[in-house]
Amino acid sequence: MTSRLLQRSLGSPDYDGIRQALRDDTSTPVISVRGLEVRVAVLPLFTHDGRQAVRVCSTEPLTHVLVGVDSGSGKDVTLLVPEVDAPRTLTLECRDDAGVVGSARITVTPQRKWSVFVVHHSHLDIGYTDPQGTVLRHHLDYLDSALRLAEETASWPDDARFRWTVESSMPALKWLDARPKEMVDSFAGLARAGLIEVTALPFQLHTEACSTEELHRQLRFIAQLEQRHGFTTRSAMHTDVPGAVVGLVDALSQAGVRYLAAAHNWAGRSVPYLHGGDKLTRPFRWRAPSGNEIIVWFTDTPHGMAYMEGNTVGLTDSYELADDLLPRYLSALATRGYPYGPGTFGWQGPDAPKEPYELDVLHLRVQGAHADNAGPSIVPATIARRWNEQWAFPRLRSAVNSDFFEHVEEHYLDRLSVHEGDWTDWWADGLGSGARPLGYVRRAQSALRVAETLHTLAGVDATEQIDAAYDKVALFNEHTWGAANPWEDAEEGGDSGGLQWTRKSSGAYSAQDDASDLLHAATRRFAAALSERGTEGGALASFAVFNPATWARTDVVRAFLPRDVVGSDVPIALVDSRTGRTLPHHEELVDPADWPTRPIGRHVHAVVPDIPGYGYARIDVVPGEAQAPEPVELDRDGVIENEFYRVAYDVREGYVSSIFDKRAGRELVNGEAAAGFGQYVYDQYATAPHFNHMSGHVGAQDRTLLGDRAIGRGAVVKEVTRTAVGEKLVVELQGKGVDWIRTTIELHHGVPRLDLTYQLAKQGTPAKEAVFLAFPFAAGKATAWELTGGVGGPDVARVPGSAEYMLPIRHWIAFDEPGLSIAWATLEAPLVQLGTIHMPYAPFPPTLDEEDGTVYSWALNNIWDTNFPTQQQGETTFRYAVTSSVEATGVRLGAAAAAGLCEPFVGVLVTDSPDVSETYASVDHPDVLITSLGHDGVVRLQSLAAEPVRATVTMPGFEPAEVSLPACGVAVVRGTRQ
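Residues numbered from 1 in each chain as written. Predicted model: local features only at pLDDT ≥ 70, side-chain atom pairs only at ≥ 80, totals over all residues. Heavy atoms only, no water.

A. Structural context of the overall build of the protein. Counting its regular elements, the protein contains 16 helices and 51 strands. In terms of C-alpha radius of gyration, the protein reaches 32 Å, essentially the compact-globule figure of 30 Å for 978 residues. With the C-alpha coordinates aligned to their principal axes, the bounding extent of the protein is approximately 120 × 60 × 55 Å. For the protein, long-range pairs separated by at least 24 residues make up 72% of all intrachain contacts whose partners lie at least 6 apart in sequence. Counting only carbon and sulfur atoms, one obtains 48% of the accessible surface of the protein, whose full area is about 35400 Å². Of the charged side chains in the protein, 85 are positive and 127 negative, and the gap between their average positions amounts to 3 Å. (Helix = DSSP H or I, 4+ residues; strand = E, 2+ residues; numbered from the N terminus. Rg over C-alpha atoms; globule rule 2.2 N^0.38 Å. Contact = heavy atoms within 4.5 Å. Areas by Shrake-Rupley, 256 points an atom, 1.4 Å probe, with all protein chains shown as cover. Lys, Arg positive; Asp, Glu negative; His and termini not counted. Charge placed at Lys NZ, Arg CZ, Asp CG, Glu CD.)

So, in structure tokens, the structure goes:
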């Protein structure tokens, strides 16, 4: 078959096809005789002597004459007419050797005088085109080249000098650490002179995978660059990923960054133009609830293959191609919303209306080659030099990223639309393709906050180690999760999927190990610090039970008592030193016969009441009268309860049939829902694996492509027990896609929360699949949910064109009902769909009738066909929590539900007896959270309030600090010692 046949069969136009579409769509046929066609385009091209251009193209060489004005011969000629300020009609005659072939009346119209900022950069995929290490080394080489090219063009006209924008700062930071001083000094000088710009983001992030604190920490290098090298970072680039969290606005603003160039690669997986994206003008001002805002330019795919826009119009190829295409492209922008339309790479769905681009200034990205991870090229600067010699307008400027924004800010700021809220990412579904390592990373995010806090309380500055661990976490959240063809296992190139995913996933496990190591060290250092301040007491040992959440709460603690501290055969009791009361406890022995490779002793579980937020209570281990009671086997009728809830499990159907709130006298489960509560739902899709960008060819207008849907079956009760701390039910089920599903449901005495743990023995398959866990609540629509750096809700503004069928949340969703509020929380799995399950292909139609109160946790999937792993397997854990209240509502209840998962009590073994209790930090506003304590009196705060608030932070030994927090804002308070 010919390549032409393949192109037409597969419907994937290459550059030639896209460029021809641009030529056809920006020219008008005026003469058609005997198989010969002549087309005319009036273009925004102006000469230095005040003439404008009319381009005439013919299928055969002819002499083209604008009667009385200009003429030229060939198949493609540019005729010049005096600049017009109103439409002017002229006669075009086309002649061959025999005479006039045909004539037509054409109208020359006024054209815009464009200024085009050509921003030369390389899109950093850490992987995708090659194994990660190879890619990063190439990007360091690119900076060597950038220095040489800048020197080579130093004498050129300023608009044409080579300029380079470092899209992601990570290569620049590595380069500055790896090059000799004279090169570093040269780089810094070029940066100060505006010929090189290092932008703000370390790499291109799935920002919704980041914690708020992580996102802010990833911008810390900005101040370091200014201090060390004397140049500032004014702008950021967000490339390839179609969306970003609202918290990015605050993070960039607080780092002094005012501008963001986003280039959204739809690649068939998103339809923003069907969800208001056609109303998203560019540039625009993106405003967070805090009032912080940045100016955003975004390049969407129909405007030019996302970040390949400049390449599409020839700026990497040759002056001649750019001269042909760029004026046509500018003309299209000025007259129609989308220059191309259906069939363009990345377009999925019907043609979309959009108003023409209204400004006469354009941000135009260009890469050195038609590829990700392409190096710098002299060609764009060479084209700009020749272009500006030939044409007065459009004026091309070889620019760094912030040059464009400074121009816009100076000339057009008041004309820019303002958009608020989250810019929900269409590609967040890809996070489900690596559920196990993602879960490890999310657990690490929580552990690092506690580790830093405990180090601080122990008097140890662990900032450097904590930052390094956050960097590993963020590197996993970088947007490149695999090769161009992730199902292959070559050693280099885009087929190196096996190598790339091995490194990517191992980075997640390493990050979790680092976080666990830091937390492990922090508990020992905190214990040592407490012991030094303590006195010898009568206890066998003591635990300081630390609450890393902001508010006082009652919860379970799990702590280890080594055999060499208290013999495993010695009966013990736990006494709350604050009250003298004995706390019921449960013990799990680590017997050397069973676990010879683990520390010997016993894990002690107890519910500790009313531990202050960011404080501890001392629990003493004293001699007991008898060994702790063994678990009591309960009837296997599937019912467990505590003083707050009665939970019933339907063994025949394989789901929770009832969660009865005893205080409110209300059922929390919607028994009429399509799926049972906690039900395992497995979808398979009738789409083929192992095709690069396959989803760009797939449209799903209904559920036709839903090949199969199955649920968990064959439930068997494995355990129903009561201990001194609560009741537990363990059930195992069978299901498609897994070897087994283990569900553990727990209620603890005195704790108003239901804990659910799902463990899946996942089978690997390249077949397209998704796993959901259903949570249908007897409630209306969700009223609030946690985002990175903000709070979302049905009435909370979002940037037009945001993804609507799914939500990537941080940890919780709240339902506020008359007389009762419910909160649901997740630890490992951030993706949810509310009310129904959607097809995972554009335009993402629902497959079930809408149910307001149902949350579908989209636990894992492999629906991507490039960039993300194509299958996943192994034991994977997902933890959830449910709570309800007649008092707490919305964000407060959501934060409380998440605390049990993300901020568990930490039991620290101390040798001497410190104070019975101590509070290290508190804040007096119920919607303000303390997220961590840092060295030298640093307190990090985050507000969940929808309006600005004032709060007072109190810490022993420091002056009370008043702080104003904007709506959903963050703040860092540094205490002043008394």
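Structure's up, so let's keep going.
B. The pattern of salt bridges, seen in detail. Evaluation of the coordinates by the stated rule reveals 51 salt bridges. Residue arginine 179 pairs with aspartate 144 through a salt bridge whose shortest N-O separation is 2.9 Å. One end of the pair, arginine 179, is in the loop between helix H4 (169–178) and helix H5 (181–192); the other, aspartate 144, is in helix H3 (residues 132–152), and 35 residues separate them in sequence. A salt bridge links arginine 753 to aspartate 755, with the nearest nitrogen and oxygen atoms 2.7 Å apart. Comparing arginine 753 with aspartate 755, the two get one shared label, buried. Connected through shared salt-bridge partners, Glu213, Arg217, Arg220, Glu452, Asp467, Asp471 and Arg940 make up one network. (Salt bridge = Lys/Arg side-chain N within 4 Å of Asp/Glu carboxyl O. Buried < 20%, exposed > 50% of the residue type's maximum accessible area, 1.4 Å probe, protein only.)

C. Just the nonpolar core, in detail. Formed by 57 residues in total, the largest nonpolar core has its most connected members in Phe187, Leu252, Trp286 and Trp423. Take this core: its biggest share by element is 8 residues, from H3. When sequence neighbours within four positions are dropped, the list of residues in contact with phenylalanine 187 reads Leu143, Leu147, Ala172, Trp175, Leu176, Ile196, Val198 and Phe231. The next biggest cluster of nonpolar side chains, apart from the first, holds 52 residues, and it includes Trp426, Leu518, Ala842 and Tyr856. (Core = buried A, V, L, I, M, F, W, Y, C linked by side-chain atoms within 4.5 Å.)

D. Structural detail: the sheet that holds strand S42 (residues 854–861). Spatial ordering of the open sheet is given by S30-S29-S35-S42-S41-S38, a layout of 6 strands whose pairing is antiparallel. Two strands in the sheet have a free side with no partner beyond their single neighbour: strand S30 (706–711) and strand S38 (807–808). (Pairing = 2+ DSSP bridges.)

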